[in-house]
Amino acid sequence: MKKIVYIILPLLALVSCRGFEDNPYEDTLCSFTVEAAYPDGFLSREGVTVKIEDINLGNAYTSATDASGVAQFSVPTGLYRVNVSDRNGSDIFNGAADRVQLKSDMRLQISLKHSKAGTIVIKEIYCGGCKKLPEEGTYQSDQYVILHNNDVDVQYLDGLCFGTLHPYNATGSNPWISKDPATGETVYPDYLPIAQAVWQFPGSGSSFPLQSGEDAVICLRGAIDHSAQYPLSVNLNKEGYFVCYNSTYFTNTSYHPAPGNNIAADHILDVVIKTGQANAYTFSMNSPAAVVFRAKGMTMQEFVQKEGSIVQTPGDTHNPVTAIPVDWAVDAVEVFNGASATNTKRLSPSLDAGYVALSETYLGHTLMRKVDEELSQSSGFEVLVDTNNSSEDFYETEKQSLHE
């Protein structure tokens, strides 16, 4: 993603609900009109999917826009999450509204904002752990993330940073967002509250090239062969893999054992700054919000020394966050806890207009970005779907891609 954009929701116009003959919801079924407003210079597009989801009941509804960019729904009253996502070539248009209270007939206009498809994207997030079979118990020290070069040009990992947002879980109390009392719009900060640590790829600028269609594996905990003891896990002791490892800041060897013999010393990520108190790096098992970012106009080391770069977490005097400018984000993915209805978005729709749900932990399941088969064939390398909307881009699989 190369441009960062914001969503502005106008005042919602409310009119009365209507009943529908022979409908079990006739006393509560309402007309819900969603208008996708494209930015200046772009025309409304017909056939764009608009998705609304009843947050409490989990019911989802889809409708396509007409030529004027309007989609119609007839749904029960409730608390809804609304999502509009469109891609035309490399142009991406996203808009979303979270926790829209539908009490009567409503017309909601969502301003779609324009961004471009990303270069380096998050391909896979494996965070939920697995069973210890044939032993009893569960295992969670084998988390990893895979990055992918989705561009026709070589990209360099040197200086690229990785982190996770606070709160760690989508179900946690989020002190960083608020509601605009006039419009009901969710207001996000102009920075990303990165929790606990900022990890950075080493290198001089061209040390770690990533060719078109190539992947880079980041081991978040132990870069060892976890499958040797637990067959449902994965072998992360592989040549070329990177690892988040720092025995000074993260002393818990149960989660951070010394990297295996196949991990090169220059593939150990640097800790630019540590802000939390934990002795092991915390990456949510069921609902992380993962962010890849790169400093602009200065080094990351210079940035963390600046006044205002470290922000105190409201209500928590022990765990401040690093406030990374939103426009430094290269890619971001929002994960929801699929076993809960109390998820709240942490990433603004400009970064991720949706989310991908992890149904359950300790099953070895992983979250994968879809492959654009047609574009991959014409490009000559694996091109992944990238709409800046994880609801459309990702899916859950029953086995880690690195499982052998």
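Preceding this section is the structure that the text describes.
How each quantity is defined
Residues numbered from 1 in each chain as written. Predicted model: local features only at pLDDT ≥ 70, side-chain atom pairs only at ≥ 80, totals over all residues. Heavy atoms only, no water. Helix = DSSP H or I, 4+ residues; strand = E, 2+ residues; numbered from the N terminus. Rg over C-alpha atoms; globule rule 2.2 N^0.38 Å. Buried < 20%, exposed > 50% of the residue type's maximum accessible area, 1.4 Å probe, protein only. Contact = heavy atoms within 4.5 Å. Pairing = 2+ DSSP bridges. Axes fitted to C-alpha atoms, helices over the stretch in contact; angles between N-to-C directions. 1 Å grid on protein atoms, 1.4 Å probe; cavity = no way out; pocket = protein on both sides within 12 Å on 5 of 7 lines; lining within 4 Å. Points joined across faces, edges and corners; volume = space filled by probe spheres on them. Nonpolar A, V, L, I, M, F, W, Y, C, P; charged D, E, K, R; others polar.

Observations regarding the overall build of the chain
Along the chain, the regular secondary structure elements total three helices and 30 strands. For 404 residues, the compact-globule formula gives about 22 Å, and the C-alpha radius of gyration of the chain, at 22 Å, lands near that figure. For the chain, the C-alpha atoms occupy an extent of roughly 70 × 50 × 50 Å along the three principal directions. Burial status across the chain gives 55% buried among its 404 residues. Considering only intrachain contacts with a sequence separation of at least 6, the fraction spanning at least 24 residues in the chain is 73%.

Section: the pairing of strand β4 (residues 60-64)
Taken together, the five bridges between strand β3 (residues 49-54) and β4 define a ladder with antiparallel strand orientation. When the sheet's bridge partners are listed, I52 is paired in β4 with Y61. In this structure, the hairpin formed by β3 and β4 is closed by a connection of five residues, where G58 is found at a positive phi of approximately 85°.

Overview of unusual backbone geometry
Excluding glycine, most residues fall at negative phi; most peptide bonds, likewise, are trans. The peptide bond linking L133 to P134 adopts the cis configuration, its omega dihedral lying at 10°. Considering the arrangement of structural elements, one finds P134 in the loop between β11 (130-131) and β12 (138-139). The amide bond that connects H166 to the next residue, P167, takes the cis arrangement and shows omega of 0°. Relative to the helices and strands, P167 resides in the loop between β15 (161-164) and β16 (178-179). We note that Q196 has phi near 70°; this positive angle belongs to a residue other than glycine. Its location among the elements puts Q196 in the loop between β18 (191-195) and β19 (197-200). Located in the positive-phi region is Y362, a residue other than glycine, with phi close to 60°. When you line up the elements, Y362 lands in the loop between β28 (356-358) and β29 (366-369).

Description of the environment of C161
Structurally, C161 is set in strand β15. Taking the C-alpha atoms as reference, C161 lies 9.9 Å from W328; in sequence the two are 167 residues apart. Residues contacting C161, with those up to four places away along its chain left out, are V198, W199, Q200, V291, V292, F293 and M300.

Considerations on the sheet that holds strand β22 (residues 242-244)
Read across the sheet, 12 strands follow the order β28-β27-β24-β15-β19-β23-β22-β21-β13-β10-β29-β30 without closing on themselves; strand pairing throughout is mixed. The sheet is open, and its two borders are formed by β28 and β30 (394-397), each paired with just one other strand. For this sheet, the mean angle separating the axes of adjacent strands, direction not counted, is 25°. Across three bridges, strand β27 (residues 329-337) lies against β28 in parallel orientation. When the bridges of β28 are listed, V335 appears paired with V356.

Section: empty space enclosed by the protein
One pass over the full model with this rule turns up three cavities of 30 Å³ or more. A volume near 100 Å³ is recorded for the largest cavity. Lining of the largest cavity is provided by 16 residues; of these, Y188, P189, Y191, L192 and R346 occupy positions nearest its centre. Taken as a whole, the second largest cavity spans an internal volume of roughly 70 Å³. In terms of lining, the second largest cavity is formed by K51, I52, E53, R81, N83, A353, G354, Y355 and S391. Of all the elements in the fold, those that place two or more residues in the lining of the second largest cavity are β3 and β6 (78-88). With three residues, β3 is the largest single contributor of residues to the lining of the second largest cavity. Each residue belonging to the lining of the second largest cavity can be placed in one class, and the counts come to three nonpolar, three polar and three charged.

A few points about the environment of P231
Secondary-structure assignment places P231 in the loop between β21 (215-219) and β22. With near-sequence residues (within four places) excluded, P231 lies in contact with L133, P134 and H403.

Here's the deal with the sheet that holds strand β25 (residues 310-313)
Sheet architecture is open: three strands sit in the order β18-β26-β25, paired in antiparallel fashion. Edge positions in the sheet fall to β18 and β25, since each has one partner strand and no second. Across the sheet, the mean angle separating the axes of adjacent strands is 45° when strand polarity is ignored. Two strands pair when backbone bridges link them, and β25 and strand β26 (residues 316-325) are joined in this way by three bridges, in the antiparallel orientation. Looking at the pairing, I310 lines up with T322 of β26.

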